[in-house]
Amino acid sequence: MSAPSTMTVSEAAESRRSVRKYVQEDVPEEDLREILRQVSLAPSPDNIQPWRFVVVRDPAVRPLLAAAALNQRQVHSAHAVFVLYADMEDVIGAIDEIISPGFRPEQAAKLKARLLKSFLAQSQEERQQFAHGISYIALGFLLLAAEAMGYKTSPLLGFEPDQVKALLGLPSQVTIPALIAIGKGDEPGFPHHRHTVDRIARFV
Ligand SMILES: Cc1cc2nc3c(=O)[nH]c(=O)nc-3n(C[C@H](O)[C@H](O)[C@H](O)COP(=O)(O)O)c2cc1C
């Protein structure tokens, strides 16, 4: 059984911070799977779910991944690193998978035709950019789900996408919104320094 989530969403949001050093303790695969199961519940436009993951745990592969990520210490220290990538061509190639079985056949056919028409009207780059942006919803879910299960994380954008893709054998068209190191924390991280609600929001 995976570790239960012990925090409310608001407790996880309060306590989460980037932690870049981890105690040398295994993260059970079932916990990683449970985090990803919760991530899979994230919403997306027309339910396209363009996010995909490679979970890097192999001690022989992690140093190579770290080398592709500017040798950032959290990649060396982590027990696993989620490589979050977006793959719109996979969405299109398996479009039937995202259509709810609750739809009537004619509804499903109509939706499928509408989606394919709108995606195929775009260039591969345009629709991939769309999928890339949508995939950050999965990042947010992942950080909170991991925190609520007692793990610390560190999201990263400091990496060479082409090197990561070559290392993991990812298709050339995919993009990588983030890597996420995870483990049991071995440092406190920094206190939150954030805009106030009044700085970021206007109520009309
Ligand atoms: C998409 C994304 C990319 C990031 N890239 C890096 C990175 O490459 N290296 C790093 O040390 N921190 C990285 N961070 C961590 C941010 O610096 C950190 O989230 C921010 O300063 C707020 O601090 P906190 O996460 O401790 O609350 C990244 C965060 C996000 C969300």
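Attention here is on the structure that accompanies the text. Computed from a predicted structure; not experimentally measured.

The subject of this paragraph is the pattern of salt bridges. Per the stated rule, a full pass over the model turns up eleven salt bridges. For Lys112, the salt bridge goes to Asp96, with nearest N and O atoms at 3.1 Å. Here the residue Lys112 occupies a position in helix H6 (residues 105-120), and Asp96 occupies one in the loop between helix H5 (88-93) and H6, the gap between them amounting to 16 residues.

Within the largest apolar cluster, 21 residues are counted, with the highest numbers of intra-cluster contacts made by Ile35, Phe82, Tyr151, Ile180 and Ile182. Only helix H2 (29-39), strand S2 (80-86), helix H7 (124-148) and strand S4 (175-183) provide two or more residues apiece to this core. Here this core takes seven residues from H7, the largest share from any one element. Residues contacting Ile180, with those up to four places away along its chain left out, are Ala80, Val81, Phe82, Leu84, Leu139, Leu142, Leu143, Thr153, Ser154 and Pro155. Grouped together as the second largest cluster of nonpolar side chains are 20 residues, Val56, Val81, Val83 and Ala181 included.

Reading the values: the criteria
Per chain, the residues get numbers from 1 upward, laid out in the order the sequence is written. Side-chain atom pairs in this predicted model are given and counted only at pLDDT of 80 or more, local residue features only at pLDDT of at least 70, and totals for whole chains, interfaces and linings cover all residues. The basis for every side-chain value is the complete set of heavy atoms in the structure, and neither hydrogens nor water enter the calculation. Salt bridge criterion: a side-chain nitrogen from Lys or Arg within 4 Å of a carboxyl oxygen from Asp or Glu. A run of DSSP states H or I qualifies as a helix once it reaches four residues; a run of E qualifies as a strand once it reaches two. Both are numbered from the N-terminal end. In these notes, a set of buried Ala, Val, Leu, Ile, Met, Phe, Trp, Tyr and Cys residues joined through side-chain atoms within 4.5 Å is what counts as a nonpolar core. Here's how the labels work: a residue is buried when its accessible area is under 20% of the maximum for its type, exposed when over 50%, partly exposed in between, all with a 1.4 Å probe on protein chains only. Residue contacts are defined here by distance: any two heavy atoms, one from each residue, within 4.5 Å place the two residues in contact.

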